[in-house]
Amino acid sequence: MKHDDRRDGNHRGKNPPRPARRTYDIPPAERAGGPAQTLPVRPGERAHAQTLPVRPGERAHTQALPIHPREERPRRAERPPRSYDAAPESEPPENLLVGRNPIREALKSGAPLEKLLVAEGDLSGAARDIVRMAREAGVVVQFVERYRLDQIYPAHQGLLAFRSARTYSSIEEILAYARERGEEPLVVVLDQVTDPHNLGAIIRTGECAGAHGVIIPERRAAGLTPACEKAAAGALAHMRVARVKNLNRALEELKRAGLWVVAAALEGENALTADWTGPLALVIGSEGEGISRLTLSLCDRRVTLPMLGEISSLNASVAAGVLLYQVVRARGGGQ
C-alpha cells in the first residue's frame, strides 16, 4: 500500500500546505477602525479622507489632506517648438567674418581685413587657399587652438576674419601727404599699444594737432577695429595709419627720410623745455611695458614729462596729446 505523506504530517510533496494565518487578539471596535480622527482644514480647501495603514494593536486614523482648487494650480509653461532651421541665438560682431566663402570673397574684393585666425591642425584645400590669399594681401594670419575660435563664435568652420574699420596707408603715403601740404613731417609711432581705445584717442589727438600719420606694428598692437574707430570720433576719415611688419625698420626708413626720432621715456630731457622743431617722429610706448629696448636704442633723443604727483606715469594717449601740442607750440601754434 502506497504511503501518503500528507496524512501523517510528513509533507514531502512538491506543494506542501501553507501555514495557518496568525490571528491577533484585537478588540472588535479597534478592528473596525474605531473613531476616525479628522485634521483641521484651512479656508478655501476641501477635505479629502485618506485612511492610513493600521498596524496590529493600533487604531485606524483618518487624516484630512488639503486639496487646492484646480484653478489655483500653477500650469507648466508651454515650450515653443524647436526649429532646426533657425539662426543662432547671437549674431557675430559687425566686424567679424564667419565661414570660408565670406572670407574668400572679402579677400577677392580687396576689403581691408585686420587679421585671419586659423584653427591649428590639418587644413583642407579650401582653407589653404584662403590662408595663401590672406598672406598675399598682407593680412596678418595667426594660427590658434580651436577652443579660442569657439569662444569668439562657435560656427567658425576653422576660420575667422576681422574687418578693418579703414584701409591702411603706407609710410610713403604719409610722407607724400606732408610734402603736398608743404609742411615738415610729423609722424606718431606706437610701440606695443594694445588698447584700441588708446589707439583711437591718439589718432584723434594727432589729427587735431596736425600730425600727418600714425604708424603701428602688425603684431602685439591694436588695429583699426570698430572700438578704435569709435574712440577716434571721426578722425580715421582724415588720418593716415600705416601698419608695418617691423617697427625698427620703419624707424630706419623715417631717419633716412630726414626725420628726427624722439622717444617718450621715463628718463630724458624735460619735454616742456625740449626743442620740438624740425621733421619729427614721436615714439609712444605702452603704459605697462613702455618702448622696447631695441626700439629705444634706435631713437635719436629721449624726452620725459615731469611727474609732480605720487603717480609716476601717464596714460599713453594723454602723454601723446601733451607732447603733440608741444610740437604745435614749437611750430608757432598753428599760425
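Refer to the preceding data block for the structure.
As a starting point, this report considers the structure included with it. All of these numbers come straight from a predicted model, not from anything done at the bench.

This brings us to the overall build of the chain. Per the secondary structure count, the chain includes 10 helices and 12 strands. Per-residue burial over the chain gives 36% buried out of 335 residues.

Take the sheet that holds strand 3 (residues 96–98) next. Spatially, the four strands line up as an open sheet ordered 3-6-4-5, and their pairing is mixed. If you trace the sheet from one side to the other, it starts and ends with strand 3 and strand 5 (140–144), each paired once. For this sheet, the mean angle separating the axes of adjacent strands, direction not counted, is 20°. Pairing between strand 3 and strand 6 (residues 159–163): three bridges, direction antiparallel. By the bridge assignment for strand 6, L96 is matched with F162.

With that settled, consider the side chain of R243. Note on placement: R243 falls in strand 9 (residues 241–244). On the basis of relative accessibility, which here comes to 15%, the residue R243 falls in the buried class. Here the side chain of R243 touches E114 through a polar contact of 3.0 Å, side chain to side chain. Filtering out sequence-adjacent residues up to four positions away, R243 remains in contact with L113, E114, G138, V140, Y168, S169, I216, P217 and E218.

Further remarks concern the sheet that holds strand 10 (residues 260–270). Strand order in the open sheet formed by six strands is 9-8-7-11-10-12, and the pairing between neighbours is parallel. The outermost strands of the open sheet, each flanked by one partner alone, are strand 9 and strand 12 (301–304). Across the sheet, the mean angle from the axis of one strand to that of its neighbour is 30°, orientation sign disregarded. One ladder, built from six bridges, connects strand 7 (residues 186–191) with strand 11 (residues 280–285); its direction is parallel. In the sheet register, V189 faces strand 11, and the bridge partner there is V283. Lying on the sheet, helix 6 (residues 196–208) is in contact with strand 7, strand 8 (213–217) and strand 9; it crosses strand 7 at an angle near 170°. In the packing of helix 8 (residues 247–256) onto the sheet, the strands contacted are strand 7, strand 8, strand 9, strand 10 and strand 11, and the crossing angle to strand 7 comes to about 165°.

So, about the pattern of salt bridges. The full count for this structure, using the stated rule, is seven salt bridges. For R166, the salt bridge is made with E229, and the minimal N-O distance between the two is 3.8 Å. Here E229 lies in helix 7 (residues 226–232) and R166 lies in the loop between strand 6 and helix 5 (171–180), a separation of 63 residues in the sequence. Taking relative accessible area as the criterion, R166 reaches 35% and is therefore assigned partly exposed. Between K255 and D300 there is a salt bridge; the shortest N-O distance is 3.6 Å. In this pair, K255 is assigned in helix 8 and D300 in the loop between helix 9 (293–297) and strand 12, connecting sequence segments 45 residues apart. Judged by relative accessible area, which is 29%, K255 ranks as partly exposed.

Let us now look at the pairing of strand 7. Burial analysis of strand 7 places six of its six residues in the buried class, the great majority of the element. Of the two faces of strand 7, the one carrying L186, V188 and L190 and the one carrying V187, V189 and D191 are both buried. Note on the crossover from strand 7 through helix 6 to strand 8: the handedness is right-handed.

Okay, a nonpolar patch on the surface next. Together, L272, M307, L314, V318 and V322 make up an exposed nonpolar region whose accessible area comes to about 370 Å². Along the chain, L314 turns up in the loop between strand 12 and helix 10 (316–330).

Let us look at helix 6. For helix 6, spanning 13 residues, the distance from its first C-alpha to its last is 18 Å, which sits close to the expected 18 Å at 1.5 Å a residue. Among all positions of helix 6, only N198, L199, G200, I202, I203 and G206 are buried. Buried residues in helix 6 make contact with strand 7, strand 8, helix 7, strand 9 and helix 10. For helix 6, the N-terminal cap is D195; the gap from its side-chain oxygen to the backbone nitrogen of H197 is 3.0 Å. The first or second residue beyond helix 6 is G210, which carries a positive phi of 85°.

Rules of the game
Residues numbered from 1 in each chain as written. Predicted model: local features only at pLDDT ≥ 70, side-chain atom pairs only at ≥ 80, totals over all residues. Heavy atoms only, no water. Helix = DSSP H or I, 4+ residues; strand = E, 2+ residues; numbered from the N terminus. Buried < 20%, exposed > 50% of the residue type's maximum accessible area, 1.4 Å probe, protein only. Pairing = 2+ DSSP bridges. Axes fitted to C-alpha atoms, helices over the stretch in contact; angles between N-to-C directions. Polar contact = N/O pair within 3.5 Å; in protein donor to acceptor, adjacent residues only side chain to side chain. Contact = heavy atoms within 4.5 Å. Salt bridge = Lys/Arg side-chain N within 4 Å of Asp/Glu carboxyl O. Right-handed = clockwise from strand over helix to strand, strands pointing away. Patch = residues over 30% accessible without salt bridge, like charges linked within 9 Å, V, L, I, M, F, W, Y side chains within 5 Å. Areas by Shrake-Rupley, 256 points an atom, 1.4 Å probe, with all protein chains shown as cover. Expected span 1.5 Å × (residues − 1).

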